[in-house]
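Residue-level structure breakdown
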Amino acid sequence: MKILKAGCACRPPSLERLERSPWMRLLPGLRAYHCPSCGQSFLASKREVTDIMVSHRQRLFTRSHEAADAARAA
Ligand SMILES: [Zn+2]
């Protein structure tokens, strides 16, 4: 199990949470995740992973707004 502080390099829109083993509880702030995109399991800080999720959601939100604006202009 690797420790990837900023999450997986492929930055998937969602990560699966894994049950932590007892030794992982000794690492405060880190949570176990599984990336459905590359199949890698890793430890990452909850804050970093949340930031990735939020930026994904913001991008989707912006894109749907742009589409709505384009529809209105047509
Ligand atoms: Zn990945």
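Here we summarise the structure given alongside this text. Only a predicted model underlies this, so the values are computations on that prediction, with no experimental measurement involved. Chains are numbered independently. Their residues run from 1 in the order of the written sequence. Local features in this predicted model are restricted to residues whose pLDDT is 70 or higher, and side-chain atom pairs enter the listing and the counts only when it is 80 or higher, whereas totals over whole chains, interfaces and linings include all residues.

**A word on the overall build of the protein chain**
Our working rule: Working definition: helices are DSSP H or I runs of at least four residues, strands are E runs of at least two. Numbering for both runs from the N terminus. When we talk radius of gyration, it's over C-alpha atoms, and the globule rule is simply 2.2 Å times the number of residues to the 0.38. What counts as a contact is two residues whose backbone-derived C-beta atoms lie within 7 Å of each other.
Helix and strand counts for the protein chain come out as one helix and four strands. Order of helices (α) and strands (β) in the protein chain, N terminus to C terminus: β-β-β-β-α. For 74 residues, the compact-globule estimate of 2.2 N^0.38 gives 11 Å, and the C-alpha radius of gyration of the protein chain, at 16 Å, exceeds that figure by more than 25%. Taken over the C-alpha atoms alone, the protein chain extends approximately 60 × 20 × 15 Å along its principal axes. Sequence separation of at least 24 residues holds for 47% of the intrachain contacts in the protein chain that already meet a minimum separation of 6.

**Details of the environment of Val49**
Looking at where Val49 falls in the secondary structure, it is placed in helix H1 (residues 46-73). Val49 has contacts with Gly7, Leu15, Tyr33 and Ala44, leaving out every residue within four places of it along the chain.

**Concerning the sheet that holds strand S1 (residues 2-3)**
For the record, the criterion: The criterion for strand pairing is that DSSP finds at least two bridges linking the strands in question. Axis definition: a line fit to C-alpha positions, over the contact stretch in the case of helices; interaxial angles, taken between N-to-C directions, run 0 to 180 degrees.
Ordered in space as S1-S4-S3-S2, the four strands form an open sheet in which the pairing is mixed. The outermost strands of the open sheet, each flanked by one partner alone, are S1 and strand S2 (16-17). Note: S2 against strand S3 (residues 30-34), two bridges, orientation antiparallel. Paired with Arg17 across the strands is Tyr33, a residue of S3. Together, S3 and strand S4 (41-45) form the strand contacts of H1, whose direction differs from that of S4 by roughly 95°.

**Here's the deal with the pairing of S3**
In terms of strand pairing, S3 meets S4 through five bridges, oriented antiparallel. Paired with Tyr33 across the strands is Phe42, a residue of S4. If you look at the hairpin formed by S3 and S4, you'll find six residues sitting between the two strands, and Gly39 has a positive phi there, around 80°.

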